[in-house]
Amino acid sequence: MAWFVLSHKSFLMLLLFVNLMGTVYGYDWYMWQLEITEPKFWIFVPDSPTASLFFTIAIFGWIIGRNFKLIEALALITLVKYGLWAVVMNLLTLFETGSIGWMGWMLIGSHFAMALQGILYIRMYRFTYIHIAIAAIWTLHNDVIDYVFGQMPIYNDLMKHMNQIGYFTFWLSIACIALACWSLKNRSASMSV
């Protein structure tokens, strides 16, 4: 019953709208950081809105009966990665400062929802290992840009922990790439039964 609702075209259209609005809001959220960023790094700065943009495009594909396989691989890996990353960063900020305000809690809720929807729609993805490999290169390259070239999202209260956050982020990327591989292996096994 739950899957019937989640996969129904009218629900997908609602999800498309919600993700599109969240994407627009997310890019607007990053405008201040983009203004102080060299243009060559712009594509790598707004991580979460780019992840939700990938998912928005994937949903559009499902609505019209298509699978944009590379976009789906990017969506799963980056939605789960940046969804969980933002939850952890806001909780770490709470630990550091004692308060994150309503905005911090909104970010925790919305980013947890990002990660959750990436996983909830795992049976819709049709990517292959080639798509996962390309998405993995994108994701790990983004980590290098963020933590070697200093383009990570700015959390002023956490800047003293950047080395540890970079290390955590790398392994979070590996875990999300492994999740994509597991989902493909699981789908292949279920189709061969």
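Further up the page is the structure itself.
Here is what the cut-offs are and how they apply
- Chains are numbered independently. Their residues run from 1 in the order of the written sequence.
- Thresholds applied to this predicted model are a pLDDT of at least 70 for local features of residues and 80 or more for the giving and counting of side-chain atom pairs; totals over whole chains, interfaces and linings are not thresholded and use all residues.
- Hydrogens and water are ignored here; the side-chain numbers use all heavy atoms of the structure.
- Note on aromatic contacts: the rings of Phe and Tyr and the six-membered ring of Trp form a pair at centre separations within 6.5 Å, being stacked when their planes are under 30 degrees apart, edge-to-face when over 60 apart, and tilted otherwise.
- By definition, any uninterrupted DSSP run of H or I lasting at least four residues is a helix, any uninterrupted run of E lasting at least two residues is a strand, and each is numbered from the N terminus.
- Categorising residues by exposure relies on relative accessible area from a 1.4 Å probe, with only protein chains included: less than 20% of the type maximum marks a residue as buried, more than 50% marks it as exposed, and the intermediate range marks it as partly exposed.
- A ring is scored as having a charge over it whenever the NZ atom of a lysine or the CZ atom of an arginine sits within 6 Å of its centre and within 35 degrees of its normal.

## A short note on the packing of aromatic side chains
- Under the defined criterion, the tally for this structure stands at twelve aromatic pairs.
- Each ring, one from phenylalanine 41 and one from phenylalanine 149, has its centre 5.8 Å from the other, and the planes form 40°; the classification is tilted. Within this pair, whereas phenylalanine 41 is found in the loop between α3 (31-35) and α4 (47-63), its partner phenylalanine 149 is found in the loop between α7 (129-147) and α8 (162-191), the two being separated by 108 residues in sequence.
- Given a relative accessible area of 8%, phenylalanine 41 falls into the buried group.
- Judged by relative accessible area, which is 47%, phenylalanine 149 ranks as partly exposed.
- Aromatic rings pair up to connect Trp3, Phe55, Trp62, Tyr121, Tyr125 and Phe127 into one cluster.
- Between arginine 123 and the ring centre of tryptophan 3, over which it is positioned, the NZ or CZ distance is 4.2 Å.
- Residue placement shows arginine 187 over the ring face of phenylalanine 127; its charged tip is 5.8 Å from the ring centre.

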